[in-house]
Amino acid sequence: MRCPYCNSKDNKVIDSRAADGGDSIRRRRECLKCSRRFTTREHVEQRARLVVIKKDGTRVPFERQKIQTGLEKSCYKRPIATETLQAMTDQVEEELHRKYEREVEAIVIGKTVAEHLKKIDQIAYVRFASVYKEFRDLDDFLDEVKEVLDSRQQESLKDQDTLF
Ligand SMILES: [Zn+2]
């Protein structure tokens, strides 16, 4: 990816998000030479589209957004930049596509995410792993994390009540 302004090859990704309903990835990049910003769009090749095998054996299309949402929830109130989480999502997605051509089990996705998270933040890792281990499914995991976070917020509200 060359900078459209100065033609330099060196740039860093400052933002990545799904576009076109998940069929492409839009990346905002900053040129390391001239500091100008530009956008690139990467199309996911149809043949590279992964299918996720859920624990009940059903198949669903791989969705990058689920990984990112899982990471965001596990890292709730942790000192981790959104940029770091997006980079981690990129790494996990890339790794899964490299290792698994057509199908991947949901539990493998969970393990891969957990491994990456472990290197970044222990608390977020424990949050992710403790829930994931039991449910082995990202959908169930996300529901559970939401419940944990909701109850935690209510607890902290209770704590505040007793202060006054
Ligand atoms: Zn440039």
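Owing to the predicted nature of the structure, the values given are computational and were not obtained by experimental measurement.

> How would you summarise the overall build of the protein chain if you had to cite specific residues and measurements?
The helix and strand tally for the protein chain stands at 5 helices and 6 strands. Contacts spanning at least 24 positions in sequence make up 50% of the contacts within the protein chain whose residues lie at least 6 apart.

> Which residues make up helix α3 (residues 106-120), and what values go with them?
With 15 residues, α3 should cover 21 Å at 1.5 Å per step; its first-to-last C-alpha distance of 22 Å lies within 8% of that length. Residues of α3 that are buried: A106, I109, G110, V113 and L117. Viewed end-on, α3 has its buried residues packed into an arc of 95°, placing them on one side of the element.

> I'd love a proper account of the sheet that holds strand β5 (residues 59-61), names of residues and values included.
Pairing is mixed across the open sheet formed by 3 strands, whose spatial order is β5-β4-β6. Single-partner strands in this sheet number two, and they are β5 and β6 (103-105). Averaged over neighbouring strand pairs, the angle between their axes works out to 35° when direction is ignored. Of the strand pairs in this sheet, strand β4 (residues 51-53) and β5 are connected by 3 bridges, and their pairing is antiparallel. Looking at β5, one finds that I53 is bridged to R59. Contacting β4 and β6, α3 crosses the sheet at an angle of about 70° to β6.

> Explain unusual backbone geometry to me, using residue names and the numbers behind them.
A positive phi angle is found at N7, which is not glycine, with a value near 75°. Relative to the helices and strands, N7 resides in the segment before β1 (11-19). Classification of N7 as exposed rests on a count of 10 C-beta atoms within 10 Å. Of note in the backbone geometry, S35 takes a positive phi value of approximately 65° without being a glycine. For S35, the location among the structural elements is in the loop between β2 (24-31) and β3 (37-43).

> I'd like to hear about the sheet that holds β2, residue by residue, with values.
What the 3 strands build is an open sheet, ordered β1-β2-β3; its pairing is antiparallel. Two strands in the sheet have a free side with no partner beyond their single neighbour: β1 and β3. Strand-to-strand twist in this sheet, taken as the mean axis angle between neighbours without regard to direction, amounts to 25°. Sheet analysis places β2 next to β3, joined by 7 bridges and oriented antiparallel. Considered in β3, the bridge of R29 is made with F38.

> Lay out helix α1 (residues 64-74) with the relevant residues and their values.
Taken as a whole, α1 has its buried residues at I67, Q68, G70, L71 and S74. Here the buried residues of α1 occupy an arc of 160° about the axis, which is enough to place them on one side.

> Give me the confidence of the model for the protein chain: which residues, what numbers.
Per-residue pLDDT for the protein chain averages 81, and the proportion of residues at 70 or more is 76%. The low-confidence segment residues 159-164 (pLDDT under 50) makes 0 contacts with residues lying over four places distant or belonging to another chain.

> Describe the environment of C3, listing the residues and the values that go with them.
Positionally, C3 belongs in the segment before β1. It is 8.4 Å that separates the C-alpha atoms of C3 and R37, two residues lying 34 residues apart in sequence. Non-local contacts of C3, meaning those with residues more than four positions away in its chain, are made with S8, N11, C31, K33, C34, R36 and F38.

> Explain the packing of α1 against helix α2 (residues 82-99) to me, and be specific about the residues and the numbers.
Close contact between α1 and α2 brings their axes to 10 Å; oriented N to C, the two are set at 135°. Classified by the angle their axes make, α1 and α2 are oblique. You can see that α1 and α2 cross each other, and the crossing is right-handed. Packed against α1, whose contacting residues are R64, I67, Q68, L71 and E72, the element α2 presents L85, Q86, M88, T89, V92 and E93 at the interface.

Analysis parameters
Every chain's residues receive numbers from 1 upward, in the order its sequence appears when written. Whole-chain, interface and lining totals are the exception, using all residues; otherwise, since this is a predicted model, local features are given only for residues with pLDDT of at least 70 and side-chain atom pairs are given and counted only at 80 or more. We count a stretch as a helix when DSSP gives it H or I for four or more residues in a row; a strand needs E for two or more, and each element gets its number in order from the N terminus. By the criterion used throughout, residues are in contact when their C-beta atoms, derived from the backbone, lie within 7 Å. To estimate how far a helix should extend, the number of its residues minus one is multiplied by 1.5 Å. With C-beta atoms placed from the backbone, a residue is buried if 20 or more other C-beta atoms are within 10 Å of its own, exposed if 12 or fewer are, and partly exposed between those counts. Each direction from the helix axis to a C-beta atom contributes to the arc, which is the arc of those directions. Pairing between two strands is assigned when DSSP locates at least 2 bridges connecting them. Angular values range over 0 to 180 degrees, each being the angle between N-to-C directions of two axes fitted as lines to C-alpha atoms, with helices fitted over their stretch in contact. The pLDDT value tells you how sure the predictor is about a given residue, anywhere from 0 up to 100. Roughly parallel refers to an angle under 35 degrees, roughly antiparallel to one over 145, roughly perpendicular to one between 65 and 115, and oblique to any angle outside these ranges. Two helices crossing with the near one rotated counterclockwise from the far one by less than a right angle form a left-handed crossing, whereas a clockwise rotation gives a right-handed crossing.

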